[in-house]
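# Geometric and topological summary
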Amino acid sequence: MPEVLADASEASIQTWLVSSGSTLVVDQPIEEVEPEKATVELTAEFAGALGRILVIRR
């Protein structure tokens, strides 16, 4: 998790900005997460491909 989320105890993925099978480049936005107070965009730390997105609903 990025430094801005370091103090968050939990966060929810709000939006996937890429889909399964997408090719990723470093620093490409891949998802938006929402901790307690703000929506934060997470970026890819490595280049590669996103195999699939697994979602567990609670």
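The structure contained in this document is the topic of the report that follows. Since the model is a prediction, treat every value here as computed from it, not as a measurement.

### Focus on the overall build of the chain
Along the backbone of the chain there are zero helices and five strands. Reading the chain from its N end, one meets helices and strands in the order β-β-β-β-β. By the burial criterion, 21% of the 58 residues in the chain qualify as buried. Taking all contacts inside the chain whose residues are at least 6 apart in sequence as the whole, residues at least 24 apart take part in 37%. Total accessible area computed for the chain in this model is approximately 4,700 Å², and 48% of it derives from carbon and sulfur atoms.

### Describing the nonpolar core
When a protein is soluble and globular, its nonpolar side chains tend to lie buried together. Of all hydrophobic cores here, the largest spans five residues; its members are Val 18, Leu 24, Ile 30, Ala 44 and Leu 50. Setting aside anything within four residues of it in sequence, one finds Leu 50 in contact with Val 18, Ser 19, Ser 20, Gly 21, Ser 22 and Leu 24.

### Some remarks on the side chain of Ser 22
Relative to the helices and strands, Ser 22 is located in the loop between strand 1 (12-16) and strand 2 (23-24). In this structure the side chain of Ser 22 is engaged in a polar contact, spanning 2.6 Å, whose partner is the backbone oxygen of Ser 19.

### Examining a nonpolar patch on the surface
A cluster of nonpolar side chains, contributed by Ile 13, Trp 16 and Val 55, occupies part of the molecular surface with about 270 Å² of accessible area. Along the chain, Trp 16 falls in strand 1. Trp 16 sits in the partly exposed class, given a relative accessible area of 32%.

### Quick notes on the environment of Val 26
Mapping Val 26 onto the fold places it in the loop between strand 2 and strand 3 (29-34). If near-sequence neighbours (up to four positions away) are discounted, Val 26 is found in contact with Ala 44, Glu 45, Phe 46 and Ala 47.

### A few points about the environment of Ala 47
Structurally, Ala 47 is set in the loop between strand 4 (40-43) and strand 5 (48-49). In this structure, the C-alpha to C-alpha distance between Ala 47 and Gln 28, residues 19 residues apart in sequence, is 8.8 Å. Apart from the residues within four sequence positions on either side, Ala 47 is in contact with Leu 24, Val 25 and Val 26.

### Concerning the side chain of Glu 31
With respect to the helices, strands and loops of the structure, Glu 31 is situated in strand 3. Assessed through its relative accessible area of 10%, Glu 31 is described here as buried. Not counting the four nearest positions on each side in its chain, Glu 31 is found in contact with Ile 13, Thr 15, Trp 16, Leu 17, Val 40, Glu 41 and Leu 42.

The rules we used
- Residues numbered from 1 in each chain as written.
- Predicted model: local features only at pLDDT ≥ 70, side-chain atom pairs only at ≥ 80, totals over all residues.
- Heavy atoms only, no water.
- Helix = DSSP H or I, 4+ residues; strand = E, 2+ residues; numbered from the N terminus.
- Buried < 20%, exposed > 50% of the residue type's maximum accessible area, 1.4 Å probe, protein only.
- Contact = heavy atoms within 4.5 Å.
- Areas by Shrake-Rupley, 256 points an atom, 1.4 Å probe, with all protein chains shown as cover.
- Core = buried A, V, L, I, M, F, W, Y, C linked by side-chain atoms within 4.5 Å.
- Polar contact = N/O pair within 3.5 Å; in protein donor to acceptor, adjacent residues only side chain to side chain.
- Patch = residues over 30% accessible without salt bridge, like charges linked within 9 Å, V, L, I, M, F, W, Y side chains within 5 Å.
- Salt bridge = Lys/Arg side-chain N within 4 Å of Asp/Glu carboxyl O.

The quantities given are spatial measurements derived from coordinates; they are silent on function.
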